[in-house]
Amino acid sequence: MKTRFIHHLLLAGLLLISGVIQSQPVSGVVKGRVIDTKNQPVAFATAALLNPQTTQIAKGVMCNEKGEFLIDKTEPGEYILSVRMLGFNANESEHIEITRSLNIIEKVIILTETVQQLQETVIAGKYDFVEQAVDKTIINPNASIISSSESIYEILKKTPGVLIDDNDNISLKGMQGVQVMIDNKPTYVSGKDLAPLLKGMLGKNVKNIEIIENPSARYDAEGISGIININTKHNQAPGFNGSFNSGLTITRSLSENAGIILNANFGKINAYGNYSFSNWERWHSLDVKRRFIAEDMSNSYLLMDSEDLSNGNSHNYKAGIDYLISKTQVLSIMLRGGDGIRKYTDFGNSAFADGNMTIDSTLTNISDGDYHWNNKTFNVNYKWDIDSTGKTLIADADYAHFYTNSGSHLNSRYFDNSGEEMDRNSKLENTQKGDIDIVSVKLDYTHPINKIYSFETGIKGSFVKTDSRANMAGYYQQDDNFVFEENIQAAYINTTAQYAKTTVQIGLRVENTISTGKSLSLNQ
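Caption draft 1: Representation of the overall build of the protein. The secondary structure content of the protein amounts to 3 helices and 28 strands. Here the protein, with 524 residues, has 35% of them falling under the buried criterion. In the protein, of all internal contacts separated by at least 6 residues, the share reaching a separation of at least 24 is 62%. Only carbon and sulfur atoms are counted for the fraction: they give 55% of the accessible area of the protein, which is about 30300 Å².

Okay, here's the thing in structure tokens:
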């Protein structure tokens, strides 16, 4: 009797599993490889599945450096596979269909280069998403349909060699302490302060991103772990022109962005400006089951689960005027800035359990907060193209101000093994404010000696003042106001030699840094 009961129970279980498997929706996979007419891979092309009726993108990915792509978790139905890359003609396949019986489709896509004929001259242009220069890797967001509508934060997360962890710390080839610059000027912020700034910058408004793994002597010693330089667009097209752009991202949450770019060039005077708005929502969850193997805690477990919800928006702008003093001399004035806010709510549970998974105690955390930032940079630039051989003299003067204001609330509750709340409620309120003021001037001179050798030299002086205020109240109380000042003088010389396919670069940089820090609250 008992044996028959177990037999029926197993049979029912198998039928239940079979029913669950059959009831699950079928998802398809479209994968393949993109090559050119010479059978060479087309790196970082955009592969997308289009709705045949509306031609709207249902799902899309970017190819890797080998030209390979994988579009997974695709709903059954008919699609058009569209592959695009700037410098190539678009390739759109005939209708492909994903069904229960055919849910894996593999394609080899051949792209032909775009060729335009003007009278008797043939021009073939190719604008790659990733370009490899002598001393840096250059990312061109506008070469990709997807990346041009993404934020710089999202583009960097997909950039080869760049890693952004859960705390928004950026590393380059595993090296921490990467310096992020905008238009060759340090941002002086990092981690959680830098992430909102990058999320508010759109690929449409960026000319390119330079990934410099081994910075030359021209750059500050602070960037020894690597430099990421974001060059924003500076339109100088003749006459009056402009463009408007917008984008929408739908995942579990909704994110949208929009921007406008304007330019007016009237001979000696060129005025330009752009503005962008971005709004985003993020969701992140984590489940951890950790088993301890130490003798005193053998066969015990730590069970953790968390859910993080965040949303925010940002406004970024840039405006400037170029005055053409002569055919070889330009004086420019530029103002760039941004403003934004991020709000978040985090839920977390941590429980200790024995080998039988019996809960001993539980800690529950609920935290929420907001983070507001504002930054402005004012620049005056003078450039003199001394002659046609490439001799140039560039002078820069900058003033920048960064402001941050954040507040957070943490409520922790403890429960025993019976689920009764223990009298250990802990509440903490934290407020932090910061002001950073930077004044810098620099002079750079470039002198090509011949087709093989060239050298550049320059000097720089900067003064940075950081004023940080913190207030903590609750189970832990602390008030502090810390002021840090840094004064840097630097000079460098850099020599480059180009031999066929080999480039040699030798440089020397000298820096003198004077820094002081004082806690005004402790008077020390």
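Caption draft 2: Seen up close, the nonpolar core. Ranked by internal contacts, the top residues of the largest apolar core, which has 51 residues, are V30, L81, I152, L156, L198, I209 and I228. Beyond its immediate stretch of four places on either side in the chain, I228 contacts L156, V162, I170, V178, Q179, V180, M181, I209, E210 and I211.

Caption draft 3: Geometry of the environment of G177. With respect to the helices and strands, G177 occurs in the loop between β13 (170–172) and β14 (179–182). The partly exposed category is assigned to G177, whose relative accessible area is 45%. With 50 residues separating them in the primary sequence, G177 and I227 have C-alpha atoms 9.2 Å apart. With residues up to four places along the chain from it excluded, the contact list for G177 reads I170, E222 and S225.

Caption draft 4: Representation of the side chain of D322. By the secondary structure assignment, D322 is in strand β21 (residues 300–326). Of the side chains bearing the opposite charge, K318 lies closest to the buried D322, which forms no salt bridge; the N-O distance is 8.8 Å. Of note is the side chain of D322, whose polar atom sits 2.7 Å from the side chain of S332.

Caption draft 5: Representation of the sheet that holds strand β11 (residues 137–139). Here 6 strands make up an open sheet; going across it, the order is β10-β11-β16-β17-β14-β15 and the pairing mixed. Of all strands in the sheet, those bounded by a partner on one side alone are β10 (130–132) and β15 (185–186).

Caption draft 6: Focus on unusual backbone geometry. The backbone of N39 sits at a positive phi, close to 65 degrees, despite the residue not being glycine. Judged by its relative accessible area of 49%, N39 is partly exposed.

Caption draft 7: Summary view of the environment of M422. Of note, M422 is situated in strand β25 (residues 421–448). What makes M422 partly exposed here is its relative accessible area of 25%. Once you skip the residues sitting within four places of it in the chain, M422 turns out to touch Y414, F415 and D416.

Caption draft 8: Quick look at the sheet that holds strand β4 (residues 68–74). The strand order across the open sheet built from 3 strands is β4-β1-β7, with neighbouring strands paired in mixed fashion. The open sheet is flanked by β4 and β7 (104–111), the only strands paired with a single partner. For this sheet, the mean inter-axis angle between neighbouring strands, taken without regard to orientation, is 20 degrees. Where strand β1 (residues 28–36) and β4 come together, 5 bridges link them in antiparallel fashion. Across the sheet, residue G28 finds its bridge partner in β4, namely T74.

Caption draft 9: Looking closely at the packing of aromatic side chains. Applying the stated rule across the entire model yields 3 aromatic pairs. Summarising the aromatic geometry, the rings of Y445 and F455 are spaced 6.4 Å apart at their centres and angled 70 degrees between planes, so their arrangement reads as edge-to-face. Of this pair, Y445 sits in strand β25 while F455 sits in strand β26 (residues 453–474), and the two are 10 residues apart along the sequence. Ring centres 6.1 Å apart and planes at 85 degrees place the aromatic pair Y453 and Y499 in the edge-to-face group.

Caption draft 10: Quick look at the side chain of S310. Structurally, S310 is set in strand β21. With relative accessibility at 12%, the residue S310 sits in the buried group.

Caption draft 11: A look at a nonpolar patch on the surface. Side chains of I269, I321, Y323, I325, L331, I333, L335, F378, V380, Y399, V439 and F463 sit close together on the surface and give an oily, nonpolar patch of about 970 Å² of accessible area. Looking at where L331 falls in the secondary structure, it is placed in strand β22 (residues 329–353).

Caption draft 12: Focus on the pairing of strand β17 (residues 227–232). Taken across its 6 residues, β17 has 6 buried, putting it largely inside the fold. The alternating pattern of β17 places I227, N229 and N231 and I228, I230 and T232 on opposite faces, both of which are buried. The sheet contact formed by strand β16 (residues 206–212) and β17 spans 6 bridges and is antiparallel. Looking across to β17, one finds that E210 is bridged to N229.

Caption draft 13: The environment of T431, seen in detail. As for its position among the elements, T431 is in strand β25. The class of T431 is partly exposed, set by a relative accessible area of 35%. Along the backbone, T431 and A473 are 42 residues apart, and their C-alpha atoms lie at a distance of 8.9 Å. Contacts of T431, omitting those with residues within four sequence positions, involve N405, S406, G407, R469, A470 and N471.

Rules used throughout
- Residues numbered from 1 in each chain as written.
- Predicted model: local features only at pLDDT ≥ 70, side-chain atom pairs only at ≥ 80, totals over all residues.
- Heavy atoms only, no water.
- Helix = DSSP H or I, 4+ residues; strand = E, 2+ residues; numbered from the N terminus.
- Buried < 20%, exposed > 50% of the residue type's maximum accessible area, 1.4 Å probe, protein only.
- Contact = heavy atoms within 4.5 Å.
- Areas by Shrake-Rupley, 256 points an atom, 1.4 Å probe, with all protein chains shown as cover.
- Core = buried A, V, L, I, M, F, W, Y, C linked by side-chain atoms within 4.5 Å.
- Lys, Arg positive; Asp, Glu negative; His and termini not counted.
- Salt bridge = Lys/Arg side-chain N within 4 Å of Asp/Glu carboxyl O.
- Polar contact = N/O pair within 3.5 Å; in protein donor to acceptor, adjacent residues only side chain to side chain.
- Pairing = 2+ DSSP bridges.
- Axes fitted to C-alpha atoms, helices over the stretch in contact; angles between N-to-C directions.
- Phe/Tyr/Trp six-rings, centres within 6.5 Å; stacked < 30°, edge-to-face > 60°.
- Patch = residues over 30% accessible without salt bridge, like charges linked within 9 Å, V, L, I, M, F, W, Y side chains within 5 Å.

So, to be careful, I would describe these as geometric facts and stop short of saying anything about function.
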